[in-house]
Amino acid sequence: MTKNSANLRVRLPALIFALEVMIIVLYAVFVTYDDHTNALLQTNMTKPMENAVYQDYPFFADIQMMIFIGFGCLLSFFQRYGFGGMVFNFLTATFAIQWAILIQGFFHFYYDGKIHLGVINLINAEFACAVVLISFGAVLGKTSPVQLLIMALLEVPVFGVAEWIVVKYLKINDAGGSILIHVFACYFGLGVTFILYRPSLNDGHSKECTSYQSDMLSVLGTLFLWVFWPSFNCALTLRGDDQHRAILHTFIGLSASTLTAFALSAMLNKNGKLSMADVQNVTLAGGVTVGASVDMMITPAAAYALGMLGCTACMLGYKYLSPFLARRLRVQDQCGIHNLHGLTGLISTVAAICDPQLAELQELIPGLKAGLGRTAKEQALYQLAALGSTIALAAVGGMLTGLLLKLPYLASPSDEFCFDDELFFNVPADYNQYVGAVHYTIVNHPCVSTPKDVE
Amino acid sequence: MTKNSANLRVRLPALIFALEVMIIVLYAVFVTYDDHTNALLQTNMTKPMENAVYQDYPFFADIQMMIFIGFGCLLSFFQRYGFGGMVFNFLTATFAIQWAILIQGFFHFYYDGKIHLGVINLINAEFACAVVLISFGAVLGKTSPVQLLIMALLEVPVFGVAEWIVVKYLKINDAGGSILIHVFACYFGLGVTFILYRPSLNDGHSKECTSYQSDMLSVLGTLFLWVFWPSFNCALTLRGDDQHRAILHTFIGLSASTLTAFALSAMLNKNGKLSMADVQNVTLAGGVTVGASVDMMITPAAAYALGMLGCTACMLGYKYLSPFLARRLRVQDQCGIHNLHGLTGLISTVAAICDPQLAELQELIPGLKAGLGRTAKEQALYQLAALGSTIALAAVGGMLTGLLLKLPYLASPSDEFCFDDELFFNVPADYNQYVGAVHYTIVNHPCVSTPKDVE
Amino acid sequence: MTKNSANLRVRLPALIFALEVMIIVLYAVFVTYDDHTNALLQTNMTKPMENAVYQDYPFFADIQMMIFIGFGCLLSFFQRYGFGGMVFNFLTATFAIQWAILIQGFFHFYYDGKIHLGVINLINAEFACAVVLISFGAVLGKTSPVQLLIMALLEVPVFGVAEWIVVKYLKINDAGGSILIHVFACYFGLGVTFILYRPSLNDGHSKECTSYQSDMLSVLGTLFLWVFWPSFNCALTLRGDDQHRAILHTFIGLSASTLTAFALSAMLNKNGKLSMADVQNVTLAGGVTVGASVDMMITPAAAYALGMLGCTACMLGYKYLSPFLARRLRVQDQCGIHNLHGLTGLISTVAAICDPQLAELQELIPGLKAGLGRTAKEQALYQLAALGSTIALAAVGGMLTGLLLKLPYLASPSDEFCFDDELFFNVPADYNQYVGAVHYTIVNHPCVSTPKDVE
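Notes on the structure follow. (Residues numbered from 1 in each chain as written. Chains lettered and ligands numbered in written order. Predicted model: local features only at pLDDT ≥ 70, side-chain atom pairs only at ≥ 80, totals over all residues. Heavy atoms only, no water.)

Along chain A, the regular secondary structure elements total 15 helices and five strands. Out of the 455 residues in chain A, the part that is buried amounts to 69%. Of the contacts formed within chain A by residues at least 6 apart in sequence, a portion of 83% connects residues at least 24 apart. Roughly 13700 Å² of accessible area belongs to chain A as shown, and the carbon and sulfur atoms make up 66% of that amount. (Helix = DSSP H or I, 4+ residues; strand = E, 2+ residues; numbered from the N terminus. Buried < 20%, exposed > 50% of the residue type's maximum accessible area, 1.4 Å probe, protein only. Contact = heavy atoms within 4.5 Å. Areas by Shrake-Rupley, 256 points an atom, 1.4 Å probe, with all protein chains shown as cover.)

This is how it looks when you write it as structure tokens:
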């Protein structure tokens, strides 16, 4: 009964084919090559090695690794939901990028009646995709692939609007996307999960558990994200020293948050032991915290301090805020995205505003960032406006999306089949045997390392 | 008894040392540095940063990831044959590259009595290696490392001849290697497996099964292949806009086939559930289908359509053609390479021939691809000739290789020990315990996600 | 009791916070941007694309993959110590890089009262980090995270001194770091483990065992190291043809050692079967052996021979030398670093000295490497002096570090809890169930594939 309502045979193909028809028609009508991909625009004077592909492709490839391998592995931390975590990530990401090429195309790459396409569009689309995947973290294991595709379908355009407001209209500093990507993704995801609230899950769920192998795979995902995060934060900064600093600061911020995460994990978990959930998540906080000022002259020591600060906020969030949100505010944030992306994004925004060295620098070098003719104070107000409008747009967009996802026929899993691959996959023979044995164990030993159980 | 005939103690070292002596002697006699690696050819005027290594090495590294990590993980999908999948891939790939450096060297990089070596040779050798690994997919789990090395020893030279015919003599469009690499590899592999036919395997094999962990690892391999496939398809295209388009089209083609694969998997598998075998294989079809025209001005929408088309053919192949081939034509294609590389390669070839936009373009820009002085129709005939001669050469070469692999003393596994790591590896203590338990389960629940069982 | 002494709640945070305060203060006082990261030093004439980041970042990223993914997976080969292998590698590497930025900064990048920071410093710091991680291999599973951080704290400065002596003072050829990195790391690690000798471990340990999944993950780590090793060996060579040759030779050396490793593994292991420990370790020997002469005109055939030679020495070392060292000389070398890094490093050093072609070349091209005004014989003596001083410094430094690590309160694991994640991690529920079952098996079947058991 419950299982039948999650049968994908008609629902998923119907939705996917509809989306594909939409995409291919819009591509056919609107998408053409840009100056660097159009053979007709190359002349005898064109130097092939100056094609933009050689600047953009390495960063594109690095971010692909983060999205498909890094996120994919990281989201596979549930013992019985490894297929779901890795494979729905694959599906959702693929569609989100296709769709973002169109949405962002209309906003940023549209002229002469066409969207002009090169690898640079793909990088932009990957950022929109990262937004969707972060939001996905809030509802991991509780949504069907049909729902995830619809979420991507709605989130990408709302993000497109936010991006337009923040980048084109308010013109704020946010090289690493701390406001635009992390804060937006967080509050959109929280909006969705707020509407999809499942009271029974607050009492714990027998399948909401990691296994030894799933923890290993998940931390491997963390390492991929960690290694390529500098590429993420610098891909859209100015070429040259700006990009160079973005790489340095991201590395330093991540390093600092990693050390801090180990310290806090041992300090705050039971028996003075480390928790894999902390290693998987909290170590990454520094990558977000340095984001908004990642290309500025903030000094290496400040990047280090931002990493420590972000990590501490993230860790305390997992420990105290997430349980509170789940119990009191109906916000069941499965992967704790509010800690890793929300709190850290807020810190990053404030840091970019307050940075005294920046204000100082701006006086020293009149040209620097002053093309906008704003004083440091004015710029701070713009940053705050960007933050506010991003949060508002994201939260409202997320909640409306959540309402839509409650419609029938979207194959939403019943409470019992949350975090369970058997619902949507033909699982191998060892799945039931293996899980049966472990299930028995779980009854006696509550599982210890899912994010929600850090407390 | 059966096990003794698979003892590698003498066979494998004897073969490997013989191969190594051959390689090192030929390297010593024939291989020298090319213009970009020879210190004696650098002058005061040489600009180090213009060395070809900076153009070639990033693509080389990406393809290394595909070959050693991507293929390695993908081929580890059997529950009891993870070591074999990943490790024999490692061994075979390593030897194939060494050997291809020599074979292709004589065909393409030979002058002044020497083969001239740089990273560009390694990229070419990686393509030859990919050919061998694709063919390996047809006989996975049914061959010894001794047989695999001999297969590589024979396949690389035959491929070298095909490459010479297609690239140097027929001069066809095949930037992504759809004809040369995928079609050749497919029919060579099918030729081998046709000769190595094992009637008993058509009734299913208790070990021909995936496990939860092996499915995870295999899909991780898919993701590595997916992420780096643009580098594979563009590595040997012209620098500049051609290479840029190749990246775009590959990405779009893969995206389209991925979405389509999820739709068809839910539609065609039992209970309306997704099959991991489809996610592992069918998602990749688009990368092959765009291959032959990957650098042309085919439009993004056409790349999308090619991805959908290739994916559909591949999926239907797994469902209907593979069982037919196994039962009626004695072709036991273990990984379904005929679906993922054969059918898609054929589609790609036809697409490159029929592309109306290309014909149109060729009239618009007289210089484009017209250095050969061929009309679109003539070129189409050349493409067909290339396809035909590739298939013929591959199939005959494969069958002859298969005959050789049936010689005694090559440690061919008995039917019982197919798909079983215990035959060639000292396995850890948990191997038997773990497998014993699962074996019991398999008796009752036929396994659901190996390619052959998609039906 | 035993477990309480390994409680990390106070020890680990106290140490980490102390280290972080030290780092951030030193960064604040001493670390500033270098010419390529300082915005104030860019002028209207600066071409952004000529920033050093575009030369250095790709190599940096590749080496990050080796350190965090490659080493992390490789060191996860113990069945019950996967978390420890991968996660302590993460922790130790992160701190080692932070610390090496300062230490090497004072030695190599210090002027105008400041350490000047760019991605090039990070590459250098990654090499220092690799040194620490190799040494870590000697004591894997027998040390607490507190001890590992202290080891990194001490090893990095000693390495800094060795680096200064070898590179700045003796000016030897060691592009791939065979002497400086591999030999140093090996003898430092052996020095530590000599002091930390645990007699009871010589009789084997019930947890010193691999599992099927841990062996798979570990060989995946090997493949990452294998794929990116050319980047490691060439990152600090001269741009242009030198770097190009370094890539070629590393690839060829690794290929040769991989083939050889398979041959020797089948030849020397019981039942003529392959051992995963050999595939995980011995295949990599060629990467070290070509190191000291990796950028020279040694010829491809010589690189091949070096790979075969290094692999053979490494394999024989695992089989005969490691057991001898453990039983007679109290050197319990957990991962066999003496075979993979020590013996191979020695061979590489000798090869770089003896290379007749180099001597010949030096006469042909007076400018080549002759800026030092040394004859080939003099240079050989300098190389030997470098080797000797490196070994002496490393061994003494390692032993003194070992003595420090025996101090109380460092959470050193008891013999019983060596190789056991439960000591330092909150493990998931399936850990005990799974391990309980396997433990039972181990009693009857001694485990077969940890390095120490190759014999």
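We are not done yet, so read on.
In this section: the layout of surface pockets. In this model, the largest pocket occupies a volume close to 1700 Å³. For the largest pocket, the lining is made up of 48 residues, of which Tyr54 and Pro58 of chain A, Tyr54 and Pro58 of chain B together with Tyr54 of chain C are closest to its centre. Elements supplying a minimum of two residues to the lining of the largest pocket: α2 (53-74) and α8 (241-268) of chain A, α2 (53-74) of chain B together with α2 (53-74) of chain C. Residues belonging to the lining of the largest pocket are distributed by class as follows: 29 nonpolar, seven polar and 12 charged. (1 Å grid on protein atoms, 1.4 Å probe; cavity = no way out; pocket = protein on both sides within 12 Å on 5 of 7 lines; lining within 4 Å. Points joined across faces, edges and corners; volume = space filled by probe spheres on them. Nonpolar A, V, L, I, M, F, W, Y, C, P; charged D, E, K, R; others polar.)

A separate point is the pairing of strand β3 (residues 114-117) of chain A. All names here are of chain A. Direction of pairing for strand β1 (residues 31-33) relative to β3: parallel, over a ladder of three bridges. The residue of β3 that forms the bridge with Thr32 is His116. One ladder, built from two bridges, connects strand β2 (residues 110-111) with β3; its direction is antiparallel. Pairing of Tyr110 across the sheet is with Ile115, part of β3. Between β2 and β3, which pair antiparallel and follow one another directly, the connecting turn spans two residues, one of which, Asp112, has a positive phi of 55°. (Pairing = 2+ DSSP bridges.)

For the rest of this paragraph, the subject is the interface of chain C and chain A. Interfaces are often sized by the accessible area lost when the parts come together. With 69 residues of chain C at the contact, the number on the chain A side is 70 residues. For the chain C and chain A pair, buried surface summed over both sides reaches about 6100 Å², with 75% attributable to carbon and sulfur atoms. Summed over the three residues of chain C that lose the most area to chain A, namely Tyr33, Phe90 and Asn426 of chain C, the buried surface amounts to 13% of that side. Applying the counting rule to chain C against chain A returns zero salt bridges. The tally of links from chain C across to chain A stands at 24 residue pairs in polar contact (both at pLDDT 80 or more). Looking at the side of chain C that touches chain A, the elements that each hand over two or more residues are α1 (11-30), β1 (31-33), α2, α3 (82-108), α4 (119-138), α7 (212-234), β5 (425-426) and α15 (430-444) of chain C. With 11 residues, the top contributor of residues to the side of chain C that touches chain A is α3 of chain C. Here the side of chain C that touches chain A is composed, by residue class, of 46 nonpolar, 16 polar and seven charged. Bridge count between strand β4 (residues 274-275) of chain A and β5 of chain C: two bridges; the pairing is parallel. Each residue of the ladder has a partner; that of Leu274 of chain A, found in β5 of chain C, is Phe425 of chain C. (Buried area = accessible area lost by both parts, 1.4 Å probe. Salt bridge = Lys/Arg side-chain N within 4 Å of Asp/Glu carboxyl O. Polar contact = N/O pair within 3.5 Å; in protein donor to acceptor, adjacent residues only side chain to side chain.)

What follows covers the sheet that holds strand β3 (residues 114-117) of chain B. Residue and element names in this part refer to chain B. Taking strand neighbours across the sheet as the criterion, the three strands line up as β1-β3-β2 in an open arrangement whose pairing is mixed. Two strands in the sheet have a free side with no partner beyond their single neighbour: β1 (31-33) and β2 (110-111). Across the sheet, helix α1 (residues 11-30) lies against β1, β2 and β3, angled at about 50° from β1, the strand it touches most. (Axes fitted to C-alpha atoms, helices over the stretch in contact; angles between N-to-C directions.)

To continue, consider the relation of the copies chain C and chain A. One copy of the chain maps onto the other through a rotation about an axis followed by a shift along the same axis. Least-squares fitting of chain C to chain A yields an RMSD of 0.0 Å, with the superposition described by an axial translation of 0.0 Å and a rotation of 120°. Overall, the copies show the geometry of a three-fold rotation axis. When the interface residues of chain C are mapped onto chain A, a mere 7% of them again fall at the interface, so the copies present different faces. (Least-squares fit on C-alpha atoms with pLDDT ≥ 70 in both.)

Here we take up the relation of the copies chain B and chain A. Mapping chain B onto chain A is achieved by rotating through 120° and translating by 0.0 Å along the same axis, at an RMSD of 0.0 Å. Little of the interface of chain B is mirrored in chain A: 7% of its interface residues are interface residues there too.

As a further point, take helix α5 (residues 145-170) of chain C. Given 3.6 residues per turn, any residue in an α-helix points the same way as the ones three and four places further on. Between its terminal C-alpha atoms α5 of chain C stretches 35 Å, which fits the 38 Å expected from 26 residues at 1.5 Å a residue. Downstream of α5 of chain C by a residue or two, Lys171 of chain C has a phi angle that is positive, lying close to 50°. (Expected span 1.5 Å × (residues − 1).)

A word on helix α7 (residues 212-234) of chain B. Residues and elements named next belong to chain B. Here α7 contains 23 residues, and its C-alpha end-to-end distance of 34 Å stays within 8% of the 33 Å for a straight helix at 1.5 Å per residue. A bend of about 50° at Phe228 is the largest found in α7, and the proline Pro230 appears one to four places after it. Among the 23 residues that make up α7, 23 are buried, leaving the element largely enclosed by the rest of the structure. (Bend = angle between axes of the 7 residues up to and from the residue.)

What follows concerns the pattern of salt bridges. Taken as a whole and assessed by the stated rule, the structure comprises 24 salt bridges over all chains. The residue Asp241 of chain B makes a salt bridge to Arg245 of chain B at a minimum N-O spacing of 2.8 Å. With Asp241 of chain B and Arg245 of chain B both in helix α8 (residues 241-268), this residue pair falls four residues apart, about one helical turn. Among the residues examined, Arg245 of chain B registers a relative accessible area of 2% and is labelled buried. Taken together, the shared-partner salt bridges connect Arg80, Lys207, Asp420 and Glu422 of chain A into one network.

Mapped onto the elements, Thr258 of chain B comes out in helix α8. Among the polar contacts made by the side chain of Thr258 of chain B, one reaches the main-chain carbonyl oxygen of Thr283 of chain B at a distance of 3.5 Å. Not counting chain neighbours up to four residues away, the residues in contact with Thr258 of chain B comprise Phe90 and Thr94 of chain A together with Trp226 and Thr283 of chain B.

In this section: the packing of helix α1 (residues 11-30) of chain A against helix α3 (residues 82-108) of chain A. Residue and element names in this part refer to chain A. At their nearest, the axes of α1 and α3 sit 11 Å apart, and the two run at 35° to each other. In terms of crossing hand, the pair formed by α1 and α3 is left-handed. Here Ile16, Leu19, Met22, Ile23, Leu26, Tyr27 and Phe30 of α1 come into contact with α3, specifically with Leu91, Phe95, Gln98, Trp99, Ile101, Leu102 and Phe106. Grouping the constituent residues of the contact of α1 with α3 by class yields 13 nonpolar, one polar and no charged. (Left-handed = near helix turned anticlockwise from the far one by under 90°.)

A separate point is the interface of chain B and chain A. Contacts between the two partners involve 70 residues from chain B, matched on the other side by 69 residues from chain A. When chain B packs against chain A, close to 6100 Å² is buried across both sides, 75% of that on carbon and sulfur atoms. Contact with chain A buries area across many residues of chain B, yet Tyr212, His244 and Leu259 of chain B alone supply 13% of it, more than any other trio. One can count zero salt bridges joining chain B with chain A. Counting every contact that joins chain B to chain A gives 24 residue pairs in polar contact (both at pLDDT 80 or more). Secondary structure elements with two or more residues in the side of chain B that touches chain A: α2, α7, α8, α9 (276-281), α11 (300-328) and α15 (430-444) of chain B.

Residues and elements named next belong to chain C. Mapped onto the fold, Ala326 is located in helix α11 (residues 300-328). Classification of Ala326 by relative accessible area gives buried; the value is 6%. Through-space distance from the C-alpha of Ala326 to that of Arg198 is 9.9 Å; in sequence the pair is 128 residues apart. For Ala326, the contacting residues outside a window of four places in its chain are Tyr197, Asn202, Val331 and Gln332.

What follows covers the environment of Phe71 of chain A. Residue and element names in this part refer to chain A. Position of Phe71 relative to the elements: it lies in helix α2. Under the relative-accessibility criterion, Phe71 is labelled buried at 11%. C-alpha of Phe71 to C-alpha of Phe90: the two residues are 19 residues apart in sequence and 9.1 Å apart in space.

This next bit is on the side chain of Asp56 of chain A. All names here are of chain A. Position of Asp56 among the secondary structure elements: in helix α2. Take Asp56: its relative accessible area is 6%, and that puts it in the buried class. Within polar-contact distance, the side chain of Asp56 engages the side chain of Arg239 at 3.2 Å. Excluding residues that lie within four positions of it along the chain, Asp56 makes contacts with Val119, Ile120, Ile123 and Arg239.

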